[in-house]
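Chain by chain, the residues:
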Amino acid sequence: MEREVLNIVVVGHVDHGKSTVIGRLLYDTQSLPEGAIDRVKRIAKEKGKPFEYAYLLDAFEEEQKQGITIDTTQLQFRTEKRDYVIIDAPGHKEFLKNMISGAASAEAALLIIDANEGIQEQSKRHGYLLSLLGIQKAYVLINKMDLINYSEAKFNEIRREMNEFLHNLHVFPLKYIPISAFFGENMVAPSEKMPWYKGEPILKAIDLFEKDKGLETKPLRFPIQDVYKFDNRRIIAGRIETGTLQLGDEILISPSNKLTKVKTIEYWADKDKTDSIYAGMSVGITVEDEFFNQRGEFIVHPNQAPLTADTCKANIFWMGKKELVKGREYKLKLATQEVECEIHSIVKVIDATTLATVENASQVKTNDVAEVIIRTKKQLCFDEFKNNQLTGRFVIVDGYDVSGGGIVSGLVKELQAVSKLIGNGLELVVNCFDDYFYVLSESTVRKLDARPHTFSVGDVVAVAGKTYEYPEDFDIIDLRSKVAAYIRKARVVNIVKLNEYVFAGVPAIDSKGAYLRIETKENFDDFLNEFKEINDWQGKQASSFTNKWFEFTTYRNIPVVAALKTAGPDYQI
């Protein structure tokens, strides 16, 4: 049987025990070359040093350099469930180059922090890498718990501080796991030293990462390569990057927004005749309507259209002989599209070696990474890289040279004031990810708005904040907009109208984060019926309804503070 493979990127300060964590994973899964452990123990003894699991990583890499095991840039281990490839992220230019070009293709991430030192500037810089990658599946490992006597209070303090920082970058870790890699605590089995931690040890937790769906199950993306006139047919040719297309399907041709249907799927020989084509196939089709179609347009299903705009936010890695300059014209190639573009603004430049950052720079030097806003001369079709790597990745051509690679991080939007969930043509404004405090100086409870964020179907949400923590599975019900959202494994899986919502037995909250005392479908029906009878939301009937069904402090606490600080700007390295 072909085993599933998951790529995990590991980021963190070298002094925070990253090598020990990786070495321990290789050791505990028996993934080391034969004799490596004995050899490392012997060398350590000869040098008068204690044995450390970090040395195993050095031995493993030495084996790789000799070509005995695997590719030099990757480490492999396996669990019963699947095979893993570890992509080590030292933060140097080669890693950033691979990351931006998409070669790293990590689906999940582990961020390591030293429990004793706490969150350092380097920790924030490595957290920032996760934001650049657009990785949605991330765990934070609080290492060296032995140095703080396995303190739950210190662990919670680091978790709160790191959550606040990462949420500002729109990174929402699925789990925080306290470990001592050196002593093997919470690596393979639950640690007896930390009975207060009720989650899984690392090896079990990583098996909970969900593998991305196969290319054929993603939304249809069929970039047109060319259109051929053949006898009386106009055959649209190209390669299907993702998704599946059936004979007779209704299709949208983007960005021109023309609707038609697939009339034929062309073939050379009878044995190649098919009514269904899918990702990876180079095909030719004809459509029912004689539109003027051209190279670069995307054929998609109407309800799964790509993003279309003449500006986008992107992270780029620059390899050109000359600096990338704001305002200069370049050529951008994405799938089969080729368009003239300019760098409208350079938001920040990140030095590839030190990860130091320059704000509002006017140019980007060779080997540096930059966050930019790109403006194209005509409408461009694309996806966010986190949703589709194949149509979220591009190159920039300067003259005749491919000089940069980039990934699309999103649309350029107006300043957003509130957080919301969107999908299926519906929008749900939420305050459940805001924090509430009792302010002594004002003698009142105040809300501190979260950094505004739009969560689409498929996105990970912020299930834990400073003053709240929701379970991984819950539903959000908003009575006023009559919309409900299903959250499963900390991810938005569906958004529906309230009259289509089905109570599935998981906890439900309202859009402000109050727990709804609904435990059965019958409870839910009673809840809705009583809500429909309320005519005056200022009256006694409304307050009785609220007291009966709403419990605000189930998933929240309200700390006391002397004064309330407003949320600061996004973190700048």
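Structural data are supplied above this passage.
Residues numbered from 1 in each chain as written. Predicted model: local features only at pLDDT ≥ 70, side-chain atom pairs only at ≥ 80, totals over all residues. Heavy atoms only, no water.

S.K.: Is there a simple way to think about the packing of aromatic side chains in this case?
M.R.: The geometry of an aromatic ring pair is captured by the separation of the ring centres together with the interplanar angle, meaning the angle of the planes. Enumeration according to the criterion identifies 22 aromatic pairs in this entry. Where Phe172 meets Phe455, the ring centres are 5.3 Å apart and the plane angle is 55 degrees; that geometry is what we call tilted. Pair noted here: Phe172 is in the loop between helix H6 (152-168) and strand S6 (175-178) and Phe455 is in strand S28 (residues 454-456), with a separation of 283 residues, a long-range link. Each member of the pair, Phe172 together with Phe455, is buried. Put simply, the rings of Phe172, Phe433, Phe455, Tyr468, Tyr470, Phe474, Tyr515 and Tyr555 touch in pairs and so form one group of aromatic residues. (Phe/Tyr/Trp six-rings, centres within 6.5 Å; stacked < 30°, edge-to-face > 60°. Helix = DSSP H or I, 4+ residues; strand = E, 2+ residues; numbered from the N terminus. Buried < 20%, exposed > 50% of the residue type's maximum accessible area, 1.4 Å probe, protein only.)

S.K.: Is there a simple way to explain the nonpolar core in this structure?
M.R.: Nonpolar side chains tend to gather and get buried jointly when the protein is soluble and globular. In terms of nonpolar packing, the biggest core is built from 86 residues, with Ile206, Leu421, Phe433 and Ile476 touching the most fellow members. At 6 residues, the largest contribution of residues to this core is made by strand S4 (residues 108-114). Counting 28 residues, the second-largest nonpolar core is a separate cluster that includes Ile346, Ala370, Val372 and Leu380. (Core = buried A, V, L, I, M, F, W, Y, C linked by side-chain atoms within 4.5 Å.)

S.K.: I would appreciate a short explanation of the pattern of salt bridges in the present structure.
M.R.: Oppositely charged side chains may form a pair once their charged atoms are brought near each other. Scanning the model with the defined rule gives 31 salt bridges in all. The partner of Arg233 in a salt bridge is Asp231, with the nearest N and O atoms 2.9 Å apart. A residue is classified by how much of its surface remains accessible, and Arg233, at 26% relative accessible area, is partly exposed. Connected through salt bridges with shared partners, the residues Arg3, Arg78 and Asp83 form a single ionic network. (Salt bridge = Lys/Arg side-chain N within 4 Å of Asp/Glu carboxyl O.)

S.K.: Looking at this structure, how should I read the packing of helix H8 (residues 521-532) against helix H9 (residues 540-549)?
M.R.: When two helices pack together, their arrangement is given by the angle between the helix axes and by the axis-to-axis distance. Viewed as axis vectors pointing N to C, H8 and H9 meet at an angle of 160 degrees, and their least axial separation amounts to 11 Å. Compared by their axis directions, H8 and H9 come out roughly antiparallel. Helix-helix and strand crossings are classified by hand; for H8 and H9 the assignment is left-handed. Across from Asn523, Asp526, Phe527, Glu530 and Phe531 in H8, the residues of H9 making contact are Phe545, Lys548 and Trp549. Partitioned by chemical class, the residues of the contact of H8 with H9 number 4 nonpolar, 1 polar and 3 charged. (Axes fitted to C-alpha atoms, helices over the stretch in contact; angles between N-to-C directions. Parallel < 35°, antiparallel > 145°, perpendicular 65-115°, else oblique. Left-handed = near helix turned anticlockwise from the far one by under 90°. Contact = heavy atoms within 4.5 Å. Nonpolar A, V, L, I, M, F, W, Y, C, P; charged D, E, K, R; others polar.)

S.K.: Would you explain unusual backbone geometry in this entry?
M.R.: For residues other than glycine, phi is negative in most cases, and the peptide bonds are mostly trans. Note that the residue after Ser254, namely Pro255, is joined by a cis bond; omega there is 15 degrees. Mapped onto the secondary structure, Pro255 falls in the loop between strand S10 (250-254) and strand S11 (258-265). In this model, Tyr150 sits at a positive phi of 55 degrees, which is unusual for a non-glycine residue. Relative to the elements of secondary structure, Tyr150 occurs in the loop between strand S5 (137-143) and H6. The phi dihedral of Lys482 is positive, around 60 degrees, even though this residue is not glycine.

S.K.: Hey, could you run me through the pairing of strand S24 (residues 419-423) in this one?
M.R.: A regular strand carries its side chains on alternate faces of the sheet. By the alternation rule, side chains of S24 split into Ser419, Leu421 and Gly423, which are all buried, and Lys420 and Ile422, of which none is buried. Of the strand pairs in this sheet, S24 and strand S25 (residues 426-430) are connected by 5 bridges, and their pairing is antiparallel. What sits directly across from Ser419, in S25, is Val430. Between S24 and the antiparallel strand that follows it, S25, lie 2 residues; Asn424 among them carries a positive phi value of about 55 degrees. In this sheet, S28 lies alongside S24 in parallel orientation, the contact comprising 3 bridges. Across the sheet, Leu421 pairs through a bridge with Phe455, a residue of S28. (Pairing = 2+ DSSP bridges.)

S.K.: Any chance you could explain the sheet that holds S25 here in plain terms?
M.R.: Across the sheet, 3 strands lie side by side as S25-S24-S28; this open sheet has mixed pairing. Sheet topology places S25 and S28 at the edges, where each strand pairs with a single neighbour. Between one strand axis and the next, the sheet turns by 20 degrees as a mean value, whatever way the strands run.

S.K.: Quick question: what am I supposed to make of the sheet that holds strand S27 (residues 444-448) here?
M.R.: In any sheet, the strands associate via hydrogen bonds between backbone groups, in a parallel or an antiparallel arrangement. If you walk across this open sheet you meet the 3 strands as S27-S26-S35, and the pairing is mixed. Single-partner strands in this sheet number two, and they are S27 and strand S35 (560-561). Pairing of strand S26 (residues 435-439) with S35, which is carried by 2 bridges, proceeds in the parallel orientation. What sits directly across from Val439, in S35, is Val561.

S.K.: Explanation requested: the environment of Asp351 in the structure shown.
M.R.: With respect to the element layout, Asp351 can be found in the loop between strand S18 (337-350) and strand S19 (357-359). For Asp351 and Asp368, which are 17 residues apart along the polypeptide, the C-alpha to C-alpha distance reads 5.2 Å. Beyond its immediate chain neighbours, meaning those up to four positions away, Asp351 contacts Ala356 and Asp368.

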